[in-house]
Amino acid sequence: MNQPTRSLRSHLPTARRAIDAGVLLLCLTLGVLGLHAAFGGNARYLYAGIGGAVLGLALAYCIVRYRLAFLPAAGIGIGIYLLMGTILATPAEAFAGVLPTLESLRTLLAGVVLSWKDVLTVAPPVGIRSGMLVVPFLSAYVTALVAGLLAWRLRSPFFSTIPVIAMFVVGIIFGTREVPLPLVRGLVLVMALVCWLAWRRQVDRAVGPEMQSLHDAGASTLARAGLLRRVGMEAIVLLVAGGLTAIAAPTLQSGEQRQVLRDAVVPPIDLYDYPSPLMRFRTYVKDKTEEPLLSVTGLPEGQRVRLAALDTYDGLVYNVDPRSGGNFTPVGDASQVNDAGSRDARRSRGTLGITIEGYDGVWVPGGGKLLGLDVTGGNADLSRSLFYNDDAETALSTTGLHRGDSYTADVEFPVQIDRKKLQAFGLSDITMPRLSNVPQVVSGKAADMAGDGDTGVERAAAMEGILHETGYFSNGKENEVPSLSGHGAARIAALLDADAMIGDDEQYAVAMALMARDQGMPARVVMGFYPEKYDPAGTVQLTGADVHAWVEINFENVGWVAFTPTPDKDKEPTPPQQEPQSVPQPQVLQPPPPPQDDAKLPPETAPDPQDADDTDDGFWAFWGPILQVIGYIAIPVAILLLPLLVIALLKLRRRKRRRQAARPGDRVSGGWNEVIALATDLGSRPDPKGTRRENAKSLVGDFPDTAGTSVLLARRADAAVFGDVEPTDAQVADYWQHVDEHLVGMSSSVGFWGRLRGKYSPRSLVLDANARITARRAHRGEKRGAVRRVDTNEDKE
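Residues numbered from 1 in each chain as written. Predicted model: local features only at pLDDT ≥ 70, side-chain atom pairs only at ≥ 80, totals over all residues. Heavy atoms only, no water.

Caption draft 1: Just the overall build of the protein, in detail. Counting secondary structure elements, the protein contains 23 helices and 17 strands. Buried residues in the protein amount to 44% of all 797 residues. When contacts within the protein are restricted to residue pairs at least 6 apart in sequence, those whose partners lie at least 24 apart make up 78%. When the accessible surface of the protein is summed, it comes to about 42,800 Å², and 59% of that surface belongs to carbon and sulfur atoms. (Helix = DSSP H or I, 4+ residues; strand = E, 2+ residues; numbered from the N terminus. Buried < 20%, exposed > 50% of the residue type's maximum accessible area, 1.4 Å probe, protein only. Contact = heavy atoms within 4.5 Å. Areas by Shrake-Rupley, 256 points an atom, 1.4 Å probe, with all protein chains shown as cover.)

Caption draft 2: Representation of the pairing of strand S6 (residues 349–356). Inspection of the sheet shows strand S1 (residues 292–297) paired to S6 by four bridges, in the antiparallel sense. Within S6, the residue paired with Val296 across the bridge is Ile354. Pairing analysis gives seven bridges linking S6 to strand S11 (residues 406–412), with the strands arranged antiparallel. The partner of Leu352 across the bridge, within S11, is Ala409. (Pairing = 2+ DSSP bridges.)

Caption draft 3: View of the pattern of salt bridges. Here the structure, examined in full by the defined rule, presents 23 salt bridges. Of the charged contacts in the structure, one is a salt bridge between Arg419 and Glu464, with a shortest N-O distance of 3.0 Å. Here the residue Arg419 occupies a position in helix H12 (residues 419–422), and Glu464 occupies one in helix H14 (residues 456–470), the gap between them amounting to 45 residues. Taking relative accessible area as the criterion, Arg419 reaches 32% and is therefore assigned partly exposed. For Arg716, the salt bridge identified is with Asp734, shortest N-O distance 3.3 Å. With Arg716 in helix H20 (residues 707–722) and Asp734 in helix H21 (residues 729–748), this pair connects stretches of sequence that are 18 residues apart. Using a relative accessible area of 28% as the deciding quantity, one classes Arg716 as partly exposed. Each of the salt bridges in this network shares a partner with another, and the network as a whole consists of Arg654, Arg655, Arg658, Arg659, Glu674, Asp740 and Asp768. (Salt bridge = Lys/Arg side-chain N within 4 Å of Asp/Glu carboxyl O.)

Caption draft 4: Main features of the sheet that holds strand S2 (residues 305–310). Taken in spatial order, the four strands of this open sheet run S2-S14-S16-S17, and their pairing is antiparallel. With one partner strand each, in any of the chains shown, S2 and strand S17 (559–563) form the two edges of the open sheet. Across the sheet, the mean angle from the axis of one strand to that of its neighbour is 35°, orientation sign disregarded. The strands that helix H16 (residues 505–518) touches are strand S14 (523–529), strand S16 (547–555) and S17; relative to S16, the one it contacts most, it runs at about 15°. (Axes fitted to C-alpha atoms, helices over the stretch in contact; angles between N-to-C directions.)

Caption draft 5: Expanded view of the packing of helix H6 (residues 134–153) against helix H7 (residues 161–173). Viewed as axis vectors pointing N to C, H6 and H7 meet at an angle of 165°, and their least axial separation amounts to 8 Å. When the axes of H6 and H7 are compared, the pair comes out roughly antiparallel. Between H6 and H7 the crossing geometry is left-handed. Contacts between H6 and H7 involve Ser139, Ala140, Thr143, Val146, Ala147 and Leu150 from the first element and Pro163, Val164, Met167 and Val170 from the second. Looking at the contact of H6 with H7 residue by residue, the class counts come to eight nonpolar, two polar and no charged. (Parallel < 35°, antiparallel > 145°, perpendicular 65-115°, else oblique. Left-handed = near helix turned anticlockwise from the far one by under 90°. Nonpolar A, V, L, I, M, F, W, Y, C, P; charged D, E, K, R; others polar.)

Caption draft 6: The arrangement of the pairing of strand S10 (residues 394–401) in detail. Within S10, six of the eight residues are buried, which leaves it mostly tucked inside the rest of the structure. Sheet topology note: the strand S9 (residues 386–389)/S10 ladder contains four bridges and is antiparallel. Paired with Leu386 across the bridge in S10 is Ser397.

Caption draft 7: The arrangement of the sheet that holds strand S7 (residues 361–364) in detail. One open sheet holds the four strands; their spatial order is S5-S9-S10-S7, and the pairing between them is antiparallel. At either end of the open sheet lies a strand with only one pairing partner, and these are strand S5 (329–330) and S7. Two strands pair when backbone bridges link them, and S5 and S9 are joined in this way by two bridges, in the antiparallel orientation. Following the sheet pairing, Thr329 is matched in S9 by Tyr388.

The following block contains the structure:
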């Protein structure tokens, strides 16, 4: 007894949904991988993103399988987000990493709105605390849910690609310039989507209601073989195209720098609100010489504790320029400021334990590249108010540091390289902020001190050596040679133009940095601490006497290298002999001086006015990158939407042509054609060779809500076309009014997505084009036949 065969539709849906879910999960995972660099390669972001995608697809399947209404589905979706989000998105705030707490729930709810801004404004790696994982989890969860619903509720799977591409765009927008395998991910995404769409279209055709069960095993085998052959050919074509793209991409994109949204987002902090720490230098070294400022454990021999790296000068103060490369950005997770996996082999790694005593300020003492910071006491807000500059290797806290604060800093100390080895490396070609109001004497002294050295390190070492050997040290303390504080243009000019240079770290470091910049060297001033005696195994107490300033110059493939131009503290000038006091002379009334013209300051010392177009530059400096990123996003979207716009315009033109036909009967017939066109776009299949009444009967089953109107419109169209009397303009207008009402009723019966598909479906346009081509061919065939008949008759005659 033969076993009854089953139709393709009866056993494919479950397997088809499994394949759909697998392909969608793969494509969504490719989008989640775009966040790899933003999270510093921490696997928790991948767990959150993939977990969210799996949960979204599972929820979509349950909604479709059990026909859940909106409110129950929304309730289940929110419950899944809060319960599973605790495990995947807020493990740091959860109890034991899995159980919800008030803090984890608050982070999840607030993260729906706030986490997106935090991920953009926090310096990568953004960490896993403070709701950072909400971005990969929530974006994957929502896009997977929408993609699953579109794939399993709509007849066409093409709409499912929209949320998949949206997830890919999220990975681009919230990622960094470090893109993991961009060509491979893009190629796999396109191949997977195209092959899946081709397979879905073939399967949907095979299981259509018009097909019978496939009793013939041979036919079924041939159908499957044909499907696999077509999909395989498409995969090969895409693979070849992707390979050619991968080969050509480096050439086409040479010299171009990837633009991401985080580069256009300005961190919510103005560094000019915080004074340069160098302005308090003399206060530390003169008034707090013996006062303990901070205690440090784990400081290796020769290393220094950094406060701030200063890179801009305005004639009054050396400061931090927030517009320089590597702006300060908020730190999301203080325990993971930098990716420890991308460490420099030339750097030594260590852990500094720092306790704040007499020091107070916003600049956070550290030892180099900050990998992570663990607040152990005092200021609990320190980790949440932390900003870090990876280029300057310095951090600041907007809440400030106070006595009793303590923390442990995991750092990579700067490279210590021998000066002789440094000669093999040239100066880095990096952009430094513009200096203004630099004294004229700096340029001349820089040329004299730098000498004729062939390499940058030789010229820098020459300037350092002359300042260190020929200068004298004085902090301006009691019983010392007078030495004015500050590092303004007048003070630096007095230092360099004096017969005997007298000053301390503040003046010598600024003078050398200005001269180095004049020589084209990328130089900056760094302020920090280092003791006279080190104790790597114990605790070093740093006082005001241990506050120093030095110069750093950037060399290619090495980085910033320290130079210390300040003379030794024991190198003090001999105090000048006191001159005899002059005898005062009687005062004599002097004539008034002749009037003089107003003095004009030379351009080098006059305050540097803003250029006339600074306002325009400032506008484009802020809005330019943002508009550029918006353009990068808007152009692909516009390209994707352009076909839909063309389809809508063609349909509008067709409707206008039908409504404005010359004969009244043709206008009525055009109204009926609009009904057939919409029915075709909504998924119905009217017979192109059938009569109006026959097609009206077929529309009754597809659109039962408008059954009576369909038959009535068909009859009125027949009467107008085949009747003895042409309809009047009023009758034509009334007919079109009923047509419009009928079209609204047909669209309302298929739901929102059905209306959207009908509006932008090109199916009716294609059928109209095919009908016109067929008519033209038939007309040409009739003409040829008539010509042949004429020729035949002439031959007979």
